[in-house]
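# Remarks on the overall topology
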Amino acid sequence: MYDFLIIGGGAIGCALARELSRRGASVVVAERENDVCAEERHVTALICAARAFGKNAPVLAAYAATGEKMFRAYSAALGIPYRKTGCVAKCADGRAERMIADCRRYGVRYEERKGAFGARELFFPDAGVADGCAAVYAMRENAATCGAAFEFGFAVTGVESRADGVTVHSSDGRELTARYAVNCAGNGGGRVARAAGDLIYLRHVAEDIVVSRGAEADVPFFTDDAVVLPMRGACVVAAEGEDTARNAPVVRDCSKRAAELLELSGLSGSDMRPNAVTRTYSEGGDIIVRQGPTKCVTHILGAGLAGITVAPAIAVAFASSYSLGAPKQTIPAQSHVRVRTLSVAERNALARRRGDYAEIVCASPFITYGEIADAVRSGAKDLRGIERRLLDEGESGGAAFAEAAYRALGGAE
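Fair warning: this is a prediction, and the values are worked out from it, not measured in the lab.

Each helix and strand in the chain was counted, giving 11 helices and 21 strands. Every one of the 413 residues in the chain was classed for burial, and the buried ones make up 54%. Pairs at least 24 residues apart make up 70% of the contacts formed inside the chain by residues separated by at least 6 positions. Element-wise, carbon and sulfur atoms account for 50% of the exposed surface of the chain, whose accessible area totals about 17,100 Å².

And the structure:
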């Protein structure tokens, strides 16, 4: 029997696994896909508490404020790519006033500015951007190093209360038993809650993502319904779309909206590549952190886009509520180098230290065999998992990449 069973291998689930395991608890993560962070690929995450402000969501806002303050040290401990950029809000006056009130309530710094045509803007100097997927991969790897187990392909079909804990059943007949279970299954969180006898209403929002090559913003900004984020060599535009009850929304043509947002930021984009992901919010708009009627089951659902920001704060608060040992000295995740971001001198020095970084698999995008081997070591189980770790949206490694991935996986997928 484990101490904790975590259902869902997203940002919050992996943060919980890391924090609980480094305090000495035995932990298992049950994930229905065959990898953590299974629906994303190098998504640039906005680490900005104010993104959750002005929405009448006090629990989410409090965790976001704490998470933003924690993130620089958190990212340094895990080797997560993170850059403090500040962030601008271009929102309607009503929400701007509510955001200012929340900033004062939660101790988040802000500055008022005059935008274009005299419009009102708020600037948040402590915000930044991070590679959201790299963060989840690092948390998962660190949790595993601290002793956490991961069960993949585990689709929950039943939750059974026991005198000493809870047993969770999967669709393929497996079962896991723990003293406590935590439902942070994201899009599948409502289904898991129902299996545990709790009726939780969630809202699935299809958010359009457009990667625009040729445009690069130094400072991210958000409006009432969209966000523009800088990433390497490109700019990411995300806008909320229609509600959907499905986990795989239809990709809509949102290039026009993306062009409008880029123009608003003073950027000119080209080669726009649309995509869409589903984010999960509670019907009430605030994150759900509560114990259900099934003994020893806690639900943590509905963080939506703020998931990566609130994850460190939720993990520490949850772990601190149990009588566990003091946290171990942080065991860093293994370094995952993106060789294309290095200078020629840095590449040569790295190749001398590790020969597999000298083996070039692709020239464009520039990828080495060492990076592919690192992706497999960090948990990638197939070609898709390696691609998600190393390729940006719209990129393809081609046949050479697939052949090298096949070799790193041991010749079989």
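Past the structure itself, the notes keep going.
Bringing helix α9 (residues 369–377) into the picture now. Turning to α9, its buried residues number three or more, namely Y369, G370, E371, I372, D374 and A375. If you follow the buried residues of α9, they end up packed against β20 (360–363), β21 (366–368), α10 (383–390) and α11 (398–408). Once α9 finishes, G379 follows within two positions and takes phi at roughly 125°, a positive value.

On average, the chain scores 85 in pLDDT, and the residues at 70 or more come to 83%. Of the regions scoring below 50 in pLDDT, residues 245–250 engages in 10 contacts with residues more than four places distant in sequence or in other chains.

All right, on to the nonpolar core then. Residues F53 and F222 are the most contacted members of the largest nonpolar core, which totals 71 residues. Residue contacts for F53: discarding those within four places in its chain leaves A61, A65, R95, M99, D102, C103, Y106 and V108.

The next thing to look at is the pairing of strand β1 (residues 2–7). Across five bridges, β1 lies against strand β12 (residues 175–183) in parallel orientation. Looking at the pairing, L5 lines up with A181 of β12. Direction of pairing for β1 relative to strand β2 (residues 27–31): parallel, over a ladder of four bridges. Along β2, the bridge assignment pairs L5 with V28.

On to the sheet that holds strand β3 (residues 44–47). Strand order in the open sheet made by the three strands is β3-β8-β4, with antiparallel pairing throughout. The open sheet has two free edges, formed respectively by β3 and β4 (82–84), since each of these has just one partner strand. Averaged over all pairs of adjacent strands, the angle between strand axes in this sheet comes to 20°, irrespective of strand direction. Direction of pairing for β4 relative to strand β8 (residues 128–131): antiparallel, over a ladder of three bridges. Across the sheet, the residue bridging to R83 is V129, located in β8.

Let us look at the pairing of strand β7 (residues 120–124). Counting buried residues along β7, four of its five residues qualify, which places the element largely inside the surrounding structure. Taken together, the three bridges between strand β5 (residues 87–89) and β7 define a ladder with antiparallel strand orientation. Within β7, the residue paired with C87 across the bridge is F124. Here four bridges tie strand β6 (residues 111–114) to β7, and the two strands are oriented antiparallel to one another. Its bridge partner being in β7, E111 is matched across the sheet by F123.

Rules used throughout
Residues numbered from 1 in each chain as written. Predicted model: local features only at pLDDT ≥ 70, side-chain atom pairs only at ≥ 80, totals over all residues. Heavy atoms only, no water. Helix = DSSP H or I, 4+ residues; strand = E, 2+ residues; numbered from the N terminus. Buried < 20%, exposed > 50% of the residue type's maximum accessible area, 1.4 Å probe, protein only. Contact = heavy atoms within 4.5 Å. Areas by Shrake-Rupley, 256 points an atom, 1.4 Å probe, with all protein chains shown as cover. pLDDT = per-residue confidence, 0-100. Core = buried A, V, L, I, M, F, W, Y, C linked by side-chain atoms within 4.5 Å. Pairing = 2+ DSSP bridges. Axes fitted to C-alpha atoms, helices over the stretch in contact; angles between N-to-C directions.

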